[in-house]
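Structure at a glance
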Amino acid sequence: MKQYLDSGLRNGGNLLKDWLIILKWWGWLPLGAGALAGVALPPLGWPWLLWIALLPLWRLGPRGGAVWGAAAVFVSHRWLLALHPLTWLGVPAVLSLPLVLLLLGLCSLAGAALLALWCGLLQWLGPSRLSSACFAALLWGLTEVLLAKGPLFWLGLGAAALPGDRPLAGLAAFGGAGLVAAVQLLISWLLWRQAWPLLLFVVLTAHGLGAAALALNSDLGSSQKLQLEVVQPALPTREKFEWQQQQQQRQLLEQGFRQAELDGSVAVLLPEGALLEADKPEEAKTELEIGLLSGGFRREGLEDRSSLLWFPAGAATAQNWLDKHRLVPLGEWVPGGEWSGLSAVGGLQPGAASRLLVLPEPIGRLAAAICYEISDGEALARATSLGAEWLLTVANLDPYPIQLQKQFISSAQLRAIETGRWLVSVANTGPTAAVDPSGVVMEVLPSQKAGISSIKIERISKQTLYARFTEKPLLILLVISSLCCLRSNKSLRSDPL
């Protein structure tokens with residue numbers, strides 16, 4: 001260690017490099033860089049800060065990569081701490097905080113394991129070669145897309161460009177979140193290799209193409225107008241099933257129908273879990289030509305499901321629905337057990353994977369995501385390719401803090417850009433907002449406060465490249481880059497030196 005300090009004092013030009021070696025020696029470099037990556041992700045959404053945080057990964061082995069991944073997940077998912085206290089679920093007060101810390105720790109360990117594997121593979125391929133960098137970047141991006149299909153993924157590099165760099169996020173219209181993640185890793189590799197001309201070219205090209213995609217998304221062409229009334233109950237989750245809170249929501253719903261009539265809206269929207277059963281509340285049983293689209297619960301045989309329920313004007317029971325497919329592990333679903341989970345609505349069963357919901361005119365065909373299904377962009381893009389003309393997401397993010405709400409709206413922006421569709425977000429405590437096809441957020445209701453508002457959107461039929469082809473182009477590029485890696489490794493093995 002002393003030799004590094006002496007070297008730095010003797011050679012002022014190499015001082016930064018020597019201190020980086022010292023930090024790496026102490027193990028603080030991967031820890032600090034991972035934490036910086038967690039900060040750079042939404043709600044901050046500064047990709048240029050992320051590029052710096054990614055730099056050490058190109059030299060770190062599995063151990064350093066594990067530290068980086070654990071730190072990044074711990075910082076970016078710190079909103080999990082808001083689950084404490086768990087006493088309302090019957091957890092003893094003395095165990096509440098340890099359980100929440102254990103949950104956050106398990107998430108961090110999952111991130112550590114993935115980064116250890118990625119860094120190990122990268123070092124085996126040889127990180128200094130462009131073919132290796134391209135393969136590793138594409139593999140990361142496609143892995144994020146794959147993980148979003150399962151129950152354990154929430155946020156990755158694909159969402160890191162928002163809200164700070166919308167033109168870069170515009171690349172999602174071509175290749176989804178996987179492409180956005182891969183390009184940022186490639187930019188970081190070029191920065192690490194100090195390939196300044198190529199770095200400048202890639203950064204400018206990525207932003208230029210992204211800006212062009214946003215402009216194309218904004219050019220709506222022929223579309224149909226749709227006006228909806230959104231209701232944000234702002235009920236505390238720990239008290240939402242109490243009689244007093246349910247009465248408050250019913251009164252708010254009644255006001256929502258009256259306001260919808262005044263505004264000329266065709267339907268009232270309620271967030272995830274707002275209705276306890278698939279029967280229309282008395283306050284909504286009016287003769288008005290106004291439908292109700294609400295999150296709620298329904299029973300199919302002996303199975304309980306969290307669903308998006310559609311009540312046409314005058315109907316007393318739900319006439320159509322879309323069941324939640326991606327359930328929260330431990331919260332709504334416990335694998336292989338009868339325990340109801342860490343949630344007041346535990347013990348649910350998943351529905352079909354398709355996110356397409358076809359409703360009568362003028363609502364039309366929509367793609368819906370219930371709560372953290374918003375992170376699965378491929379599912380919404382597939383529903384869009386099948387004819388969905390707008391996106392709807394319903395959620396209940398209480399008791400989580402504003403940090404999670406901002407991460408949620410960043411994901412909503414990305415979904416709108418990927419599909420070229422208007423997106424409506426209706427949540428219990430927020431975010432309740434509209435996002436246009438270019439990712440611009442139009443705030444509708446302030447967070448944490450009950451309210452009612454109308455939202456005007458447009459139904460769109462044109463398709464983005466991502467909606468048409470999803471990850472197929474990235475898979476082709478991954479195969480090409482893997483072949484280049486194999487060829488490079490073969491050449492090195494045949495080199496007599």
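Everything below is about the structure printed above this text.
Attention here is on the structure that accompanies the text. (Residues numbered from 1 in each chain as written. Predicted model: local features only at pLDDT ≥ 70, side-chain atom pairs only at ≥ 80, totals over all residues. Heavy atoms only, no water.)

Thoughts on helix α7 (residues 130-147)
Put simply, the test is: In this description a helix means any DSSP run of H or I spanning at least four residues, a strand means any run of E spanning at least two, and both kinds are numbered starting from the N terminus. Here the expected span of a helix is defined as 1.5 Å times the quantity of residues minus one. Buried residues are those whose accessible area, probed at 1.4 Å on protein chains only, stays under 20% of the maximum for their type, while exposed residues exceed 50% and partly exposed ones sit between those limits.
With 18 residues, α7 extends 26 Å between its outermost C-alpha atoms, agreeing within 8% with the 26 Å of an ideal straight helix rising 1.5 Å per residue. Among the residues of α7, Ser131, Ser132, Ala133, Phe135, Ala136, Ala137, Leu138, Trp140, Gly141, Leu142, Glu144 and Val145 are the ones counted as buried.

Quick notes on the pattern of salt bridges
Working definition: two side chains of opposite charge can pair if their charged atoms are close together. Using the following cut-off: Salt bridges are defined by distance alone: a side-chain nitrogen of Lys or Arg within 4 Å of a carboxyl oxygen of Asp or Glu.
Per the stated rule, a full pass over the model turns up 16 salt bridges. Between arginine 459 and glutamate 389 there is a salt bridge whose closest N-O contact spans 2.8 Å. Residue arginine 459 is located in strand β12 (residues 451-460), and its partner glutamate 389 is located in the loop between α12 (377-385) and β8 (390-395); the two are separated by 70 residues in the primary sequence. On the basis of relative accessibility, which here comes to 14%, the residue glutamate 389 falls in the buried class.

Observations concerning unusual backbone geometry
The amide bond that connects proline 42 to the next residue, proline 43, takes the cis arrangement and shows omega of 15°. Along the chain, the position of proline 43 falls in the loop between α3 (28-40) and α4 (47-54). The backbone of alanine 234 sits at a positive phi, close to 55°, despite the residue not being glycine. If you trace the backbone, alanine 234 turns up in the loop between β1 (223-232) and α11 (243-263). For alanine 234, a relative accessible area of 19% corresponds to the buried category. For cysteine 371, which is not glycine, the phi dihedral falls at a positive 60°. Relative to the helices and strands, cysteine 371 is located in the loop between β7 (365-370) and α12. A relative accessible area of 11% places cysteine 371 in the buried class.

With respect to the environment of serine 375
Keep this limit in mind: Here a residue-residue contact requires only that any non-hydrogen atoms of the pair lie within 4.5 Å. Polar contact is the term for a pair of N or O atoms within 3.5 Å; when the atoms are in protein, one must be able to donate a hydrogen and the other to accept it, and sequence-neighboring residues count only if both atoms are side-chain atoms.
Examined against the element boundaries, serine 375 turns out to sit in the loop between β7 and α12. Residues serine 375 and alanine 412, 37 residues apart in the sequence, show an inter-C-alpha distance of 8.2 Å. Residues in contact with serine 375, not counting those within four places in the same chain, are Ala148, Phe153, Trp154, Arg326 and Arg415. In this structure the side chain of serine 375 is engaged in a polar contact, spanning 2.9 Å, whose partner is the backbone oxygen of tyrosine 372.

Description of the nonpolar core
It is characteristic of soluble globular proteins that their nonpolar side chains tend to be buried jointly. Put simply, the test is: By nonpolar core is meant a set of buried Ala, Val, Leu, Ile, Met, Phe, Trp, Tyr and Cys residues that side-chain atoms within 4.5 Å join together.
Ranked by size, the top nonpolar core spans 114 residues in total, and within it Trp118, Leu392 and Val424 carry the most contacts. Here this core gets 12 residues from one element, more than from any other, and that element is helix α9 (residues 172-192). Setting aside anything within four residues of it in sequence, one finds tryptophan 118 in contact with Leu57, Trp58, Ala136, Trp140 and Leu185. In terms of nonpolar packing, the next biggest core, distinct from the first, is built from 14 residues, Val231, Leu252, Ala260 and Val268 among them.

What to know about empty space enclosed by the protein
Where we set the bar: With a 1 Å grid laid over protein atoms only, a set of points is called a cavity when a 1.4 Å probe fits there but cannot get out and a pocket when it is open yet has protein on both sides within 12 Å along at least five of seven lines; lining residues have an atom within 4 Å of a point. Grid points are joined across faces, edges and corners, and a volume is the space filled by probe spheres set on the points. We call Asp, Glu, Lys and Arg charged. Ala, Val, Leu, Ile, Met, Phe, Trp, Tyr, Cys and Pro are nonpolar, and the rest, Gly among them, are polar.
Tallying each qualifying case throughout the model produces two cavities of 30 Å³ or more. In this structure, the largest cavity occupies an estimated 180 Å³ of space. Within the residue set of the lining of the largest cavity, elements represented by two or more residues are α7, α9, α12 and α13 (402-419). Among the elements that make up the lining of the largest cavity, the one with the highest residue count is α13 (four residues). When the residues that make up the lining of the largest cavity are grouped by side-chain class, the tally is nine nonpolar, seven polar and six charged. Considering only enclosed or pocket space, the second largest cavity measures out at about 40 Å³ in volume. Taken together, Pro233, Leu235, Lys240, Gln249, Pro271, Glu272, Gly273, Ala274, Asn396 and Asn428 make up the full set of residues lining the second largest cavity. By residue number, the principal contributor to the lining of the second largest cavity is strand β2 (residues 267-275), which donates four residues.

Some thoughts on the pairing of β7
Note the following rule: Strands are treated as partners if at least two bridges between them are detected by DSSP.
Burial within β7 is extensive, with five of its six residues counted as buried. Where strand β6 (residues 356-358) and β7 come together, three bridges link them in antiparallel fashion. Bridge pairing in β7 places valine 358 opposite arginine 365. Taken together, β6 and the strand that follows it, β7, pair antiparallel across an intervening segment of six residues, in which glycine 364 is found at a positive phi of about 80°. When β7 meets β8, the two strands line up parallel, connected through five bridges. Bridging across to β8, alanine 369 finds its partner in threonine 393.

Section: the sheet that holds β12
Note the threshold: Axis definition: a line fitted to C-alpha atoms, over the contacting stretch in the case of helices. Angles run 0 to 180 degrees between N-to-C directions.
Strand order in the open sheet made by the six strands is β5-β4-β3-β2-β1-β12, with mixed pairing throughout. Pairing within the sheet leaves two strands with one partner each, and these edge strands are β5 (320-323) and β12. Going from strand to strand, the sheet's axes swing by 35° on average, the running direction of each strand aside. Note that strand β3 (residues 291-300) and strand β4 (residues 303-311) share nine bridges and pair antiparallel. Residue pairing for β4: arginine 299 is matched across the bridge by aspartate 304. Its contacts with the sheet put α11 on β1, β2, β3 and β12, and the angle it makes with β1 is roughly 150°.

A word on the packing of aromatic side chains
Rule in force here: Only rings of Phe, Tyr and Trp enter the pairing, Trp through its six-membered ring, and a pair is recorded when the two centres are within 6.5 Å. The plane angle decides the type: under 30 degrees is stacked, over 60 is edge-to-face, the rest tilted. Any Lys NZ or Arg CZ that is within 6 Å of a ring centre and within 35 degrees of that ring's normal is treated as a charge sitting over the ring.
Under the defined criterion, the tally for this structure stands at six aromatic pairs. Judged by centre distance (5.0 Å) and plane angle (85°), the ring pair of tryptophan 118 and tryptophan 140 falls under edge-to-face. With tryptophan 118 in helix α6 (residues 93-125) and tryptophan 140 in helix α7, this residue pair connects regions lying 22 residues apart in the sequence. On the basis of relative accessibility, which here comes to 10%, the residue tryptophan 140 falls in the buried class. Among the aromatic side chains, those forming a connected cluster through ring pairs are Trp58, Trp68, Trp118 and Trp140. Of note, arginine 193 hangs over the ring of tryptophan 192, and the distance from its end group to the ring centre comes to 5.5 Å.

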